[in-house]
Amino acid sequence: MDIEKILKQLKNIAPDKKYAENSRLLILASKKSETPKFKLASMPRLTFRNIFETMRLTATVGVGLFLIVVFLGGASYINKTYSPISYEGLDQKSLVAEADEINRSIEITLREISSLDQSNQQAIQTIGDISKNQPVSSTSTPNSSETSTTAATQEIENLLIENPQKSNIDATLEKIAN
Amino acid sequence: MLNGDELKLIKDAIKGEASAFGLLYDRYHVQIYRFVYIKTGHREEAEDLTHQVFLNAWKNIENYQHKGFPFSSWLYQIARNQIIDHYRTKKTNISLEAIEEVETDEDSPHKKTEISFEIEMVKMAIPRLPDEQQDIIVMRFVEEMTPKEIASALKKPESTIRVLQHRAIKNLQKLLKQQ
């Protein structure tokens with residue numbers, strides 16, 4: 001067996017044409033790898049074009065950022081100056097102070113109501129007491145106690161008209177109370 | 001040796017011109033397919049692996065560095081690595097049915113049959129050789145590459161290639177006698 005001759009015959013081996021065409025199309029249609037495997041070996045060359053492109057990109061990004069800042073600042077100014085909505089009331093501290101004030105005024109009002117209520121009750125009691133002592137106008141014959149009260153009242157009136165001295169008045173009031 | 005025409009194609013392909021790489025594909029895809037097919041013994045596997053070889057080459061064309069050798073040397077390196085990776089993940093046995101019949105240059109039917117039989121025997125024996133010897137057999141005797149080109153493809157000194165070549169032929173003869 002002549003091995004070398006036989007090995008040369010193997011040169012007739014060939015791929016299927018259809019496979020080869022499809023493979024070629026697929027390979028050329030695929031995108032090349034953009035990220036290099038070995039960065040050191042594939043660093044971009046420092047050409048004027050590369051530098052210019054880098055500077056152009058940096059400038060574009062910088063201008064964009066500047067415009068964003070200006071826009072935001074302008075929007076904030078316009079909002080503060082011309083906005084119909086007042087945001088003063090939205091200040092947290094003033095809100096709390098306002099709430100405290102309202103609470104205090106409510107408390108004062110409640111105390112007032114309470115004291116008025118107490119005075120009212122006292123007045124009602126006093127009126128009730130007085131009405132018990134006062135004679136009631138009716139057709140029946142007045143009794144002796146009612147008669148003495150009426151006389152004492154007349155005496156008070158006489159004192160007040162003729163000689164309104166305190167000691168005389170106190171003595172008369174003591175009589176009425178008894 | 002790399003000729004001027006091929007060097008221009010490579011430079012254009014590195015720039016990203018798909019048409020330039022397409023021409024390189026046309027020039028070398030049969031060679032690479034043959035190499036892969038003889039080593040694997042399977043048509044479908046050979047097609048897949050060859051496709052992967054050129055896909056990787058196109059994706060990494062920027063990494064190619066011209067050292068005065070044919071572009072095929074770089075392709076053979078990729079192909080060898082691809083086959084090693086393939087067998088690392090998947091072990092396959094050579095199927096007799098998968099081996100296609102190779103056309104011969106003989107005219108007489110008797111001779112044709114005899115040669116075809118011998119070709120099949122050689123095709124079955126080659127994958128049983130060590131990897132490096134397989135590569136040298138295919139590159140030296142099938143593709144008729146020079147020892148210098150083979151040395152570039154296998155990244156070995158030329159003297160080593162000559163020694164390996166002699167050893168490969170001896171081992172192949174032994175295998176064929178055993179069969």
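In what follows, the accompanying structure is described. Predicted model only: the values in this text are computed from it and were never measured.

**Section: the overall build of chain A**
Then, number 1: Looking only at helices and strands, chain A has 6 helices and 0 strands in total.
Then, number 2: Residue burial in chain A is summarised as follows: out of 178 residues, 10% are buried.
Then, number 3: Carbon and sulfur atoms make up 60% of the accessible area of chain A, which totals about 15600 Å².

**With respect to the pattern of salt bridges**
Residue and element names in this part refer to chain B.
Then, number 1: For the coordinates displayed, the defined rule picks out 13 salt bridges over all chains.
Then, number 2: The residue R27 makes a salt bridge to E6 at a minimum N-O spacing of 3.2 Å. Of this pair, R27 sits in helix α2 (residues 18–40) while E6 sits in helix α1 (residues 4–15), placing them 21 residues apart in sequence.
Then, number 3: Taking relative accessible area as the criterion, R27 reaches 35% and is therefore assigned partly exposed.
Then, number 4: For E6, a relative accessible area of 4% translates into the label buried.
Then, number 5: For the salt bridge of K39 with D135, the shortest nitrogen-to-oxygen distance reads 2.6 Å. Residue K39 is located in helix α2, and its partner D135 is located in helix α6 (residues 131–142); the two are separated by 96 residues in the primary sequence. Accessibility classification places K39 together with D135 in one group, the buried group.
Then, number 6: What emerges from the salt-bridge pattern is a single network uniting D5, E6 and R27.

**What about the nonpolar core?**
Then, number 1: By size, the foremost hydrophobic cluster in this structure holds 63 residues, and its most contacted members are L7(A), L10(A), F21(B), F71(B), I137(B) and L172(B).
Then, number 2: The greatest single-element share of this core, amounting to 11 residues, is contributed by α2(B).
Then, number 3: Beyond its immediate stretch of four places on either side in the chain, L10(A) contacts R34(B), I38(B), I119(B), V122(B), K123(B), I126(B) and V142(B).

**Quick notes on the packing of α6(B) against helix α7 (residues 147–154) of chain B**
Packed helices, taken two at a time, are described by the angle between their axes plus the distance between the axes.
All names here are of chain B.
Then, number 1: At a minimum axis separation of 10 Å, α6 and α7 run at an interaxial angle of 140 degrees. Considering only the axes of α6 and α7, their crossing is right-handed. Residues D135, I136, M139 and R140 of α6 lie in contact with α7, whose contacting residues are P147, I150, A153 and L154.
Then, number 2: Its residues assigned to classes, the contact of α6 with α7 shows 6 nonpolar, no polar and 2 charged.

Conventions we followed
Residues numbered from 1 in each chain as written. Chains lettered and ligands numbered in written order. Predicted model: local features only at pLDDT ≥ 70, side-chain atom pairs only at ≥ 80, totals over all residues. Heavy atoms only, no water. Helix = DSSP H or I, 4+ residues; strand = E, 2+ residues; numbered from the N terminus. Buried < 20%, exposed > 50% of the residue type's maximum accessible area, 1.4 Å probe, protein only. Areas by Shrake-Rupley, 256 points an atom, 1.4 Å probe, with all protein chains shown as cover. Salt bridge = Lys/Arg side-chain N within 4 Å of Asp/Glu carboxyl O. Core = buried A, V, L, I, M, F, W, Y, C linked by side-chain atoms within 4.5 Å. Contact = heavy atoms within 4.5 Å. Axes fitted to C-alpha atoms, helices over the stretch in contact; angles between N-to-C directions. Left-handed = near helix turned anticlockwise from the far one by under 90°. Nonpolar A, V, L, I, M, F, W, Y, C, P; charged D, E, K, R; others polar.

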